[in-house]
Amino acid sequence: MSDLIAVVGATGKQGGAVVDALLERGTTVRALTRDDGSDRARALAARGVEVVVVDAEDRAATRAALDGVSALSLMTTFSGEDGPRGETRRGIVLVEAARDAGVPFVVHSSVGGAERETGIPHFESKRRVEEALEATGVPHAIVRPVFFMENLVYQLPPPDAQEAVVRLPMPGDVPLQLIAVVDVGRVVAALATDPAGAAGIAVEIAGDELTLEQIVAQISAATGVPTRFEQLPVDGLDDDRASMFRWFSTLPAYQADFAATAALDPRVLTFAEWLVARR
């Protein structure tokens, strides 16, 4: 079997981070995407990545796209058709295709807390995919990232701002665990390229833990723009997001293994380092 690793969602942020980390390791990559004509798909092809068009709603095409790979980096999203239900459906197609194609190893990027019955719809949908993967008998590892630092990008002040406000529907004094997308990619790549050592691992990963008040203080320090936090009401959010922010606000929520994260990714970023890296 070659060292060819297939990456689901390779043209997205998380999948793209996995591709970057695999290429950095000298691994041959097959990018699975629904559109090989997109700018991101063409950019991957220009870097020597094999780009294969596949729709996870199509079982036969998904199975064929996994022929000959030594490992699969699997992620799912609830942003497509049917929300979390669609995520579970597509995820099950992917894991069963991996089984049927004889893929030797799968790394599934899920979400922190998925195994703890959170009741959050898009966490529960990922847990159903985890369970389906476990049921296949395919050797695998599960990565459970916490809150992405990138979720705060659109709240960062522009360079010409005089002041800024970070608004989220949770208290400012409750700690929130954070991870940069680049670090998700590095952890997944570390596991995917070491199937013998990684099989059976399930790890919740994070690079930092800060309250939102501490987050805005670090934003102020990094940007020079005075920034404050404002708590928004949960009322008015859809059930999925409302349940997620209520979960964040009631500790313990995320329960990352910081030592295991650093062992898999020695360059893991703190939030302050992530802010600097964005400059």
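Scroll up to find the structure this text is about.
Because the structure is a prediction, the values reported are computed rather than measured.

**Digging into helix α8 (residues 212-223)**
With twelve residues, α8 extends 16 Å between its outermost C-alpha atoms, agreeing within 8% with the 16 Å of an ideal straight helix rising 1.5 Å per residue. Three or more residues of α8 are buried, namely L212, I215, V216, I219, S220 and A222. Looking one or two residues beyond α8, the residue adopting positive phi is G224, at roughly 75°.

**Re the environment of R167**
Considering the arrangement of structural elements, one finds R167 in strand β8 (residues 164-168). The exposure class of R167 is partly exposed, given its relative accessible area of 36%. Through-space distance from the C-alpha of R167 to that of V276 is 21 Å; in sequence the pair is 109 residues apart. Beyond its immediate sequence surroundings of up to four residues, R167 is in contact with Q155, E230 and L232. Within the structure, R167 has its side chain in polar contact with the side chain of E230 (distance 3.2 Å).

**Examining the sheet that holds strand β4 (residues 71-75)**
Strand order across the open sheet formed by seven strands is β3-β2-β1-β4-β5-β6-β10, with parallel pairing between neighbours. At either margin of the open sheet sits one strand with a lone partner, and together these are β3 (50-53) and β10 (202-205). Ignoring strand direction, the axes of neighbouring strands in this sheet form an average angle of 20°. Where helix α1 (residues 13-24) meets the sheet, its contacts fall on β1 (5-8), β2 (29-33), β4 and β5 (106-109), and the angle it forms with β1 comes to roughly 160°.

**Let's talk about the nonpolar core**
With 66 residues, the main nonpolar core has M170, L178, I215, F248, Y254, F271 and W274 as its most contacted residues. With seven residues, the top contributor of residues to this core is helix α6 (residues 181-192). Dropping the residues within four chain positions of it, F248 is found in contact with F147, M170, V174, L176, A253 and Y254. Counting 23 residues, the second-largest nonpolar core is a separate cluster that includes V8, V52, L74 and L94.

**Side note on the side chain of Q155**
By secondary structure assignment, the location of Q155 is in the loop between β7 (147-148) and β8. A polar contact of 2.6 Å, which involves the side chain of Q155, links it to the backbone nitrogen of R167.

**Some thoughts on the sheet that holds strand β9 (residues 176-179)**
Taking strand neighbours across the sheet as the criterion, the three strands line up as β7-β9-β11 in an open arrangement whose pairing is mixed. In the strand order of this sheet, the two ends are held by β7 and β11 (208-210), each with one partner. As defined by bridge partners, β7 adjoins β9 across two bridges and the pair is classed as parallel. When the bridges of β9 are listed, F148 appears paired with I179.

Conventions and cut-offs
- Residues numbered from 1 in each chain as written.
- Predicted model: local features only at pLDDT ≥ 70, side-chain atom pairs only at ≥ 80, totals over all residues.
- Heavy atoms only, no water.
- Helix = DSSP H or I, 4+ residues; strand = E, 2+ residues; numbered from the N terminus.
- Expected span 1.5 Å × (residues − 1).
- Buried < 20%, exposed > 50% of the residue type's maximum accessible area, 1.4 Å probe, protein only.
- Contact = heavy atoms within 4.5 Å.
- Polar contact = N/O pair within 3.5 Å; in protein donor to acceptor, adjacent residues only side chain to side chain.
- Pairing = 2+ DSSP bridges.
- Axes fitted to C-alpha atoms, helices over the stretch in contact; angles between N-to-C directions.
- Core = buried A, V, L, I, M, F, W, Y, C linked by side-chain atoms within 4.5 Å.

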